[in-house]
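If you want the building blocks of each chain, they are given just below.
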Amino acid sequence: MSRPLLIAPSILSADFSKLGDEIRAVDRAGADWIHCDVMDGHFVPNITYGAPVIKAVRGASKKIFDVHLMIAPADPYLGDFAAAGADIITVHAEAGPHLDRSLQAIRALGKKAGVSLNPGTPESAIEYVLDRLDLILVMSVNPGFGGQSFIPAVVEKIRRVKALVGSRPIDIEVDGGITPETARQVVEAGANVLVAGSAVFKGGSEQSYRANIDAIRNATRLEV
Ligand code: DX5
Ligand code: ZN
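Anyway, here's the lowdown on the structure attached to this text. (Residues numbered from 1 in each chain as written. Chains lettered and ligands numbered in written order. Predicted model: local features only at pLDDT ≥ 70, side-chain atom pairs only at ≥ 80, totals over all residues. Heavy atoms only, no water.)

## As for the packing of helix H6 (residues 180-189) against helix H8 (residues 206-219)
Relative orientation of the contacting elements H6 and H8 amounts to 35 degrees, with a least axis distance of 8 Å. Here H6 runs over H8; the crossing is right-handed. Residues Pro-180, Ala-183 and Arg-184 of H6 touch H8, and the partners they reach there are Ala-215, Ile-216 and Ala-219. Of the residues assigned to the contact of H6 with H8, the class counts are five nonpolar, no polar and one charged. (Axes fitted to C-alpha atoms, helices over the stretch in contact; angles between N-to-C directions. Helix = DSSP H or I, 4+ residues; strand = E, 2+ residues; numbered from the N terminus. Left-handed = near helix turned anticlockwise from the far one by under 90°. Contact = heavy atoms within 4.5 Å. Nonpolar A, V, L, I, M, F, W, Y, C, P; charged D, E, K, R; others polar.)

Right, here's the structure in full:
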């Protein structure tokens, strides 16, 4: 059963001085989801923004807000991100000792639950929580910064994740170094949600965002 191909621009590459306008622009340009990268300077070596910023810009788009938490611990803040308007909340498998509990907590808040795997983390980390998952976010760079190069070994991991998921209704999302070229490889391996920051926001205008999103989408039409 194939799931729809979705493009989730990461607003980490947007102009933060006009974040609401950037979200409106990327929404009109064809984004399916809005991907929000939350970093704490502890789990990853960078700090971005938190729930108050997401809350402030939530009204800029009606699309799904896909919130990627690169924070440890995550559990104490799940309620804040739910209240800020997140639709999907993704935690890292490496970020805490009680992944099953974190996923239960996200669903108890009425949100979709995701788990992310760093490049060095095997897919077996999620084998026993599959039935608590709505989304698996496979990192194709080490999280912390936009604009890094795609790690090719991840393509095989996506194939294995896809096999593990089987017929369950779980989205497989890939994040880091996605360009039209790498997009095709990961979709061929089984991914259906593509996060892209620099490849979408380059150009700095709605017109370029539309062309950039179209280029990624067109590259994934596998029958072509
Ligand atoms: C990396 C973040 C990504 C990042 C992707 O830590 O989770 O979402 O913004 O950026 P690009 O697409 O530029 O690699
Ligand atoms: Zn991300």
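## Some points on the site of ligand 1
As a matter of local geometry, ligand 1 sits amid 20 residues, with Asp-37, Gly-144, Asp-175, Gly-197 and Ser-198 nearest to it. Here an oxygen atom of ligand 1 sits 3.4 Å away from a polar atom, N or O, in the side chain of His-68. Gly-144 has a polar backbone atom sitting 2.8 Å from an oxygen atom of ligand 1. Summarising the interface, the protein chains cover 100% of the accessible area of ligand 1, which totals 380 Å² for the free molecule. Secondary-structure elements contributing two or more residues to the shell around ligand 1 are strand S2 (33-39), strand S3 (64-70) and strand S8 (193-196). Partitioning the shell around ligand 1 into residue classes produces eight nonpolar, ten polar and two charged. (Near = heavy atom within 4 Å. Polar contact = N/O pair within 3.5 Å; in protein donor to acceptor, adjacent residues only side chain to side chain. Areas by Shrake-Rupley, 256 points an atom, 1.4 Å probe, with all protein chains shown as cover.)

## Here we look at helix H5 (residues 154-165)
The terminal C-alpha atoms of H5, which comprises twelve residues, lie 16 Å apart, in line with the 16 Å expected from a rise of 1.5 Å per residue. Of the residues making up H5, those classed as buried are Val-154, Val-155, Lys-157, Ile-158, Val-161 and Val-165. Looking straight down H5, one finds that the buried residues subtend no more than 155 degrees of arc, so they occupy a single side. Next to the buried residues of H5 lie strand S5 (112-117), strand S6 (135-139), strand S7 (171-175) and H6. Count one or two residues on from H5 and you reach Gly-166, which has phi positive near 60 degrees. (Expected span 1.5 Å × (residues − 1). Buried < 20%, exposed > 50% of the residue type's maximum accessible area, 1.4 Å probe, protein only. Arc of directions from axis to C-beta.)

## Focus on the coordination of the zinc ion (ligand 2)
Looking at the zinc ion (ligand 2), the protein donor atoms are His-35 (NE2), Asp-37 (OD), His-68 (ND1) and Asp-175 (OD), and they sit 2.0 to 2.3 Å from it. Viewed at the metal, the six donor atoms of the zinc ion (ligand 2) are separated by angles of 64 to 163 degrees, and the geometry they form is irregular. (Donors = N, O, S within 2.8 Å, 3.2 Å for Na, K, Ca; no water. Tetrahedral: all angles 85-135°; square planar, octahedral: opposite > 155°, others 65-115°.)

## Thoughts on the side chain of Thr-220
Structurally, Thr-220 can be placed in the segment after H8. Its relative accessible area of 8% is what places Thr-220 among the buried residues. At 2.6 Å, the side chain of Thr-220 and the backbone oxygen of Arg-217 are in polar contact. Setting aside chain neighbours within four positions, we find Thr-220 in contact with Leu-5, Ala-183, Arg-184, Val-187 and Leu-194.

## Digging into the sheet that holds S6
Pairing in this open sheet of eight strands is parallel, and the strands run S1-S8-S7-S6-S5-S4-S3-S2 from one edge to the other. Two strands in the sheet have a free side with no partner beyond their single neighbour: strand S1 (6-9) and S2. Going from strand to strand, the sheet's axes swing by 25 degrees on average, the running direction of each strand aside. The sheet contact formed by S3 and strand S4 (residues 88-92) spans three bridges and is parallel. Counted as the bridge partner of Asp-66 is Ile-88 from S4. Contacts from H8 reach S1 and S8 within the one sheet, and its direction differs from that of S1 by about 145 degrees. (Pairing = 2+ DSSP bridges.)

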